[in-house]
Every structure is written in C-alpha cells, then in structure tokens.
Amino acid sequence: MRHQVCIIGGGPSGLLLSLLLRRAGVDAVVLERRSRDYVLSRIRAGVLEQGLCDILRQAGVGTRMDREGFVHDGTIITAHGTTVHIDFKKLTGKSVMIYGQTEVTHDLYDELDRIGAPIFHEAEDVAIHDADTDAPYVTFSHQGQTRRVDCDYIAGCDGFHGVSRRSIPESVRREFEHVYPFGWLGILAHTPPVADELVYSGHERGFALCSMRNANLSRHYLQVPLTDKVEDWSDEAFWAELKRRLPPHLAEILVTGPSIEKSIAPLRSFISEPMSWGRIYLAGDAAHIVPPTGAKGLNLAASDVWYLSRALIAQFAGDGQLLQDYSATALARVWKASRFSWSMTRMLHEFPAEGEFLARMQAAEVDYLAHSEAAQTALAENYVGLPY
Ligand code: APR
Ligand code: PHB
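Residues numbered from 1 in each chain as written. Chains lettered and ligands numbered in written order. Predicted model: local features only at pLDDT ≥ 70, side-chain atom pairs only at ≥ 80, totals over all residues. Heavy atoms only, no water.

Enquirer: Just give me the short version of the site of ligand 2, but keep the residues and values in it.
Expert: Of all residues adjacent to ligand 2, which total 14 residues, the nearest are Tyr200, Ser211, Arg213, Tyr221 and Pro292. Side-chain polar atom of tyrosine 221 to an oxygen atom of ligand 2: 2.6 Å apart, as the coordinates give it. Protein chains shield 99% of the accessible area of ligand 2, which is 280 Å² for the free molecule. Residue assignment for the shell around ligand 2 shows that the elements contributing at least two residues are strand E15 (208-214) and strand E16 (217-224). No other element matches the three residues that E15 contributes to the shell around ligand 2. Of the residues belonging to the shell around ligand 2, the class tally is nine nonpolar, three polar and two charged. (Near = heavy atom within 4 Å. Polar contact = N/O pair within 3.5 Å; in protein donor to acceptor, adjacent residues only side chain to side chain. Areas by Shrake-Rupley, 256 points an atom, 1.4 Å probe, with all protein chains shown as cover. Helix = DSSP H or I, 4+ residues; strand = E, 2+ residues; numbered from the N terminus. Nonpolar A, V, L, I, M, F, W, Y, C, P; charged D, E, K, R; others polar.)

Enquirer: Describe the sheet that holds strand E2 (residues 28-31), naming the residues involved and giving the relevant values.
Expert: A sheet is described by the order of its strands in space; here six strands give the open sequence E8-E2-E1-E12-E19-E18, paired in mixed fashion. Edge positions in the open sheet fall to strand E8 (119-120) and strand E18 (276-277), since each of these has one partner strand only. Sheet topology note: the strand E1 (residues 5-8)/strand E12 (residues 153-156) ladder contains four bridges and is parallel. When the bridges of E12 are listed, isoleucine 8 appears paired with glycine 156. (Pairing = 2+ DSSP bridges.)

Enquirer: Summarise the layout of surface pockets; cite the residues concerned and give the values.
Expert: As a volume, the second largest pocket reaches approximately 240 Å³. Lining the second largest pocket are 17 residues, with Gly100, Glu103, Arg213, Asn214 and Leu217 positioned closest to its centre. Of all the secondary-structure elements, those providing two or more residues to the lining of the second largest pocket are helix H2 (36-41), helix H4 (63-68), helix H6 (101-114) and E15. When its residues are assigned to classes, the lining of the second largest pocket shows seven nonpolar, five polar and five charged. When we break the lining of the second largest pocket down by domain, the ones giving at least three residues each are domain 1 (5-68 + 100-177 + 268-345) and domain 2 (180-267 + 350-384). (1 Å grid on protein atoms, 1.4 Å probe; cavity = no way out; pocket = protein on both sides within 12 Å on 5 of 7 lines; lining within 4 Å. Points joined across faces, edges and corners; volume = space filled by probe spheres on them. Domains from an automatic or database assignment.)

Enquirer: Run through the sheet that holds strand E11 (residues 145-150), naming residues and quoting values.
Expert: Ordered in space as E9-E10-E11, the three strands form an open sheet in which the pairing is antiparallel. With one partner strand each, in any of the chains shown, strand E9 (124-129) and E11 form the two edges of the open sheet. Averaged over neighbouring strand pairs, the angle between their axes works out to 20° when direction is ignored. Pairing between strand E10 (residues 137-142) and E11: six bridges, direction antiparallel. In the sheet register, tyrosine 137 faces E11, and the bridge partner there is aspartate 150. (Axes fitted to C-alpha atoms, helices over the stretch in contact; angles between N-to-C directions.)

And the structure:
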C-alpha cells in the first residue's frame, strides 16, 4: 500500500498527527503494536495545556472535553510548612483543563473511525527501510501476513520503547538522560478530590500529589523508593502515608476508599537529539521523557505533533523550510519543558543521598515562591504551557 505519511505508534501523538494531517488533506496510515483495548486501558496524566485544548477544538475533537473536563485556574503547592496558591488565571490569563489522556485518546479514535482513517492494530515487527533515501518504506506483519507501506515520510510516534528512534544511526544520535532515585506509586479511587485544585506536596517523608479526574474520581501519588513493589502497599497503607504527607487541614478532610488501580512508575528525564534523520521525524515519547511532576508528557507530545503537522502540510504544498527546521524548533520547546519538569521534581521530592543542604535549598525556594509574584508567574507560565 502507499500513503503520504506512515505513522508508527497509535498513542496520543500518532492519533493526533493522523487527524491534523487528514484535516489538511494529507493522507496517513497509523501502525500500532497493541490492541485498541490495551491502548485505552493505560492510565496517564490528565492536565491539558490551553494550547492542546485549542488544537483539539480546532481538529473537531474538543466537544466532550469541553463538556466533561474541568477548567482549573490554579494549583496548590505546599512544602516545608509553607502553602502557596498559584493563580494561573491572574498571573498568566490562562488555565489548564483536567481531562484524562485516556479520554483524549478515546475521542481521537472515535473521530478517526468516523472519517475512515486507516489504523492497523496489533501490527508486529514494524521495521523502517531506506529512511535516508527518497523512497522510504515500512514493513510489518498483521494477522499473519507481511505488509509493506511505501511513503514519503515516516513519523516515529511509537513512544520510548519504539523502533523509530533506534532506526536513527547511533553515530547521529545524542541521548541525554537523568534517572531519579525514586518512583511514583499512583492510585485511582472513586472518592472526591481533597481540594478544588491539584495539590503538590513536598514533605520530609517524600513527595505526594493529589490529582483528580472528576468530582468522584481521584488520582493520588506518593514518592516511593524504586525497590518498593505495588504488593507492598495496601490501600490502608497508601491513605495513611498520603495523610502524613499533606498539611493537617487537608489530611483531616481527605476521603479514602478502595483503589481501582495501583501502579508504580519510575521517573526519568530523557531527550534524544536530533528529532529527525533522513525521512524519519520523531514526536512525543519516542524522542523525550519528562518526569510527571509538571504534567508535561502529553502536552509536549502535542506541541511536537503541532510543529510536525504544520511542517508536513507545508512540505506537501511545496515549502520545505518548516520540515527542515522541525528538529530544532521542537527541541527548543522540549528542553524548556524538560527544565521545568526537572525543577519541579527537584523542588518537591526528597533526595535522601543529597543531605540537608538540598533540603534547605528547597525550603528557600518554596519560601521565595510564597513571597514573590515574579517567581509565581514564572511557575505559572511554565505550568499552563509555553507558547508554540
Ligand atoms: N510498532 C508500532 N507501535 C509501537 C511500537 C512499534 N514497534 N512500539 C511502541 N508502539 C506504540 C505503543 O504501543 C503506544 O501505543 O506506540 C504508542 C506510543 O504511545 P505513547 O507511549 O503513549 O507515546 P505518545 O503517543 O508519544 O504520547 C505521549 O503519552 O506515554 C504518554 O507520558 C506520555 O503523556 C505522554 C504521552
Ligand atoms: C494526574 O492527574 O495523573 C497527574 C496530574 C498532574 C501531574 C501528574 C499526574 O503533575
């Protein structure tokens, strides 16, 4: 078969790219290794920057988000006995939307189905060929048959473990990685959120985050050692530890209940440069990973996809400049969002190996944040998303 663009990976990056291209008359196929049910069962963060909300609306997939999502005008940061309310709306004029990544993925699948966009699920052994020529192609097996896609461009949207990044020669690639010495234990529970906004809490026992999906579905996280296993954490132990790490007035009103999901994820910062080689263009987790502390993973994937969709559309219209600049353009925003995620992680987590000096620096940073509108504005403008 032949398509203008072959998109590898049917997570949020690949699906959004497919839709944005189709809206502009560019034809793309999506090859996804997993089943649709599997993709839709993954629980990920749920904070959408205004830029992403606008893209979804423009692409015609914002209706359910606007109906069921929750606009948050601020967030609460509490650490070392200081509680700071960051008023996004007042400081930046912008807000964020609370709407699960799984729901975004759902909406994208529904619309792509409606317009008949081709998606192959359970595409196995996807391999990229001749990416450094004018006639690249991708092979895969599907329902026992070997298939081949001839295309003009390949979009690598296949996440951290995908094949696309690894198809760029090692001699060309430069990888930057920072692994944090802890993970996040997350639970989802049918309980009301503890506050109207998200609560990021730094504590000497470790970081905690109270997030939410809706008025009766909360998502909470605890910093845990990488050696901990999910089985080590009963629901009772989780709630007791969360209460210890929250300010007393929130701990008192926290409603607990049985968890419906519980998992541990390691934290890392990772960036691979360049984000393009030959006819391969990487977007989203295929090129970079951020720790979840600033909720930037999905939003960064969306800005890559936005840049890449504009560049491919211009290329097919005869102007190749944006595509030539894609890697540099995307990376400039990636590094800034990665810096923010790293600094939020650094400010709010316990780093036991680093001792009292870091703890005092963190306390000074939160105290500065509490008393400086400039510091609050800097945090807010990064949290609601830098422009693109
Ligand atoms: N062939 C085909 N598909 C693949 C392959 C492969 N070899 N390897 C991985 N995939 C698929 C995965 O099954 C997954 O569905 O690529 C998809 C990548 O999706 P994500 O990992 O969700 O990455 P992305 O779409 O870039 O979304 C970024 O989602 O992962 C979160 O934290 C991340 O929030 C961020 C956002
Ligand atoms: C979530 O709701 O899962 C969530 C929210 C904010 C974060 C990370 C995760 O920073």
